[in-house]
Amino acid sequence: KRKREGGGEGEYPSKRTRDVGLIAGHYNARPDVGLSQRKDSPIIGLKNFNNWVKSVLISSRAHPTLAASENIGPLRHTPGSRGMRGPPRGSGKVLDMGCGKGGDLIKWNKARIREYVGVDIASVSIDQARKRYEELRLPKFSAYFATLDCYINSLSSAIPDSHLPPTGNPFDVVSMQFCMHYAFESEQKARTMMENVSSWLRPGGTFVGTIPNASWLLDRLEAIPEGELNLSFGNSVYSIRFEERHHPALYGQRYWFYLKDAVDDVPEYVVHWDNFVKLADEYGLVPVYVKEFHEVFADNEDHSEFGPLLQNMRVVDSNGESQMDEDQWEAANIYVAFAFEKRSR
Ligand code: SAM
């Protein structure tokens, strides 16, 4: 194992270290309920929609990068294909940072990648992701999973050299789904995260992700009447509670997030988009795509592949009726999807 980078946990004030413990503890404690119980979730429409957005992002932004250097053909979302049929597998390598329980493994199998590395701070989730991978029917890509706080440590401290060659940039795609915002607790963490993204991504490679939309969050915060001490908003599905009306810095703007049947009041941090773009630029990453989730929907609902996929993924029923109520739709639109490209030098 190579040396740790970015400092140890002891360098953070105890309050912040507690936040990391809360985040990891929360995700470790969430049960992996299996497919049939997952279908009974009270927010199943929203969960399916989030998965559909990730499928669109992976297919339209990550897959072209994976396919660019070789002729692996278009990605097909035929019902039930799970990556089993279709064109031959390419040589694509994907790093999934904050991979959780491996909810995107089937999406990556459909993208016909060859190698996958998944890391997450929650060791229970990593065990579940490994199990899900083992349960994927053949043929599938090869995968390596590791438990790692990748906002404090370098990837190389947890992943063997065989998966991370010391020279060269092994990954075509780095993916961070619904998890990057936890790094914006401090500049040091955000930089360690960016270093992990950029130093393992090949030039021309793609960094894709989904994060809460800072301007949407801050507009809602601003709309709370002056003098009101309770800085929270939400509906029957989610709630967000800020601790201060104004925050003096670009990092560490904390709020507490609750999402029914998913997230139980966990500390999260605002990702100011312009600051993120500026930071990413220092690491050779250029923004090529950013859309709010409702825009992803509007842009793709009539697409020849992604339109039918809405039904296959049960975002809409066979009559085209949405499986989300208005409160779920509002919660879905907290987020934006993004893609960056790694500059050639
Ligand atoms: N990406 C997965 C998905 O889309 O299904 C999981 C998303 S879940 C909402 C957020 C994930 O971020 C959790 O699995 C959590 O453990 C992980 N996470 C939070 N902080 C992290 C850190 N410092 N290092 C690695 N993973 C982290």
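As shown above, the structure is provided for reference.
Residues numbered from 1 in each chain as written. Predicted model: local features only at pLDDT ≥ 70, side-chain atom pairs only at ≥ 80, totals over all residues. Heavy atoms only, no water.

(A) Region of interest: the layout of surface pockets. Taken as a whole, the second largest pocket encloses approximately 150 Å³ of empty space. Leu218, Leu221, Glu222, Glu226, Arg245, His246, His247, Gln253 and His272 are the residues that line the second largest pocket. (1 Å grid on protein atoms, 1.4 Å probe; cavity = no way out; pocket = protein on both sides within 12 Å on 5 of 7 lines; lining within 4 Å. Points joined across faces, edges and corners; volume = space filled by probe spheres on them.)

(B) Just the packing of aromatic side chains, in detail. Counted according to the given criterion, the structure contains 28 aromatic pairs. Between Phe178 and Tyr335, the ring centres sit 5.0 Å apart and the planes meet at 80 degrees, which makes this aromatic pair edge-to-face. Residue Phe178 is found in the loop between β4 (171-177) and α6 (187-199), and its partner Tyr335 is found in strand β11 (residues 335-342); the two are separated by 157 residues along the sequence. Assigned by exposure class, Phe178 and Tyr335 land together as buried. The interplanar angle of 70 degrees and the centroid separation of 5.2 Å between the aromatic rings of Phe207 and Phe338 together place this pair among those described as edge-to-face. A residue pair is termed long-range when its members are at least 10 positions apart, and Phe207 in strand β5 (residues 201-212) and Phe338 in strand β11 qualify at 131 residues. The pair formed by Phe207 and Phe338 is uniform in burial state, with each residue classed as buried. The ring of Tyr133 carries the charged tip of Lys140 above its face, separated from the ring centre by 4.5 Å. (Phe/Tyr/Trp six-rings, centres within 6.5 Å; stacked < 30°, edge-to-face > 60°. Helix = DSSP H or I, 4+ residues; strand = E, 2+ residues; numbered from the N terminus. Buried < 20%, exposed > 50% of the residue type's maximum accessible area, 1.4 Å probe, protein only. Lys NZ or Arg CZ within 6 Å of the ring centre and 35° of its normal.)

(C) Structural view of the site of the ligand. Close to the ligand lie 17 residues, the nearest being Lys54, Gly98, Asp120, Asp149 and Gln177. In this structure, a nitrogen atom belonging to the ligand sits 2.7 Å away from a main-chain N or O atom of Gly98. At 2.7 Å, a side-chain N or O of Asp149 approaches a nitrogen atom of the ligand. The fraction of the free accessible surface of the ligand (590 Å²) that becomes covered by protein chains is 89%. (Near = heavy atom within 4 Å. Polar contact = N/O pair within 3.5 Å; in protein donor to acceptor, adjacent residues only side chain to side chain. Areas by Shrake-Rupley, 256 points an atom, 1.4 Å probe, with all protein chains shown as cover.)

(D) Quick look at the sheet that holds strand β1 (residues 93-97). With mixed pairing, seven strands are arranged side by side in an open sheet as β3-β2-β1-β4-β5-β11-β10. Two strands close off the open sheet at either side, each with one partner strand: β3 (142-147) and β10 (285-292). Going from strand to strand, the sheet's axes swing by 15 degrees on average, the running direction of each strand aside. Bridge count for β5 against β11 is seven bridges, and the pairing is antiparallel. Note that in β11 the partner of Gly209 across the bridge is Phe338. (Pairing = 2+ DSSP bridges. Axes fitted to C-alpha atoms, helices over the stretch in contact; angles between N-to-C directions.)

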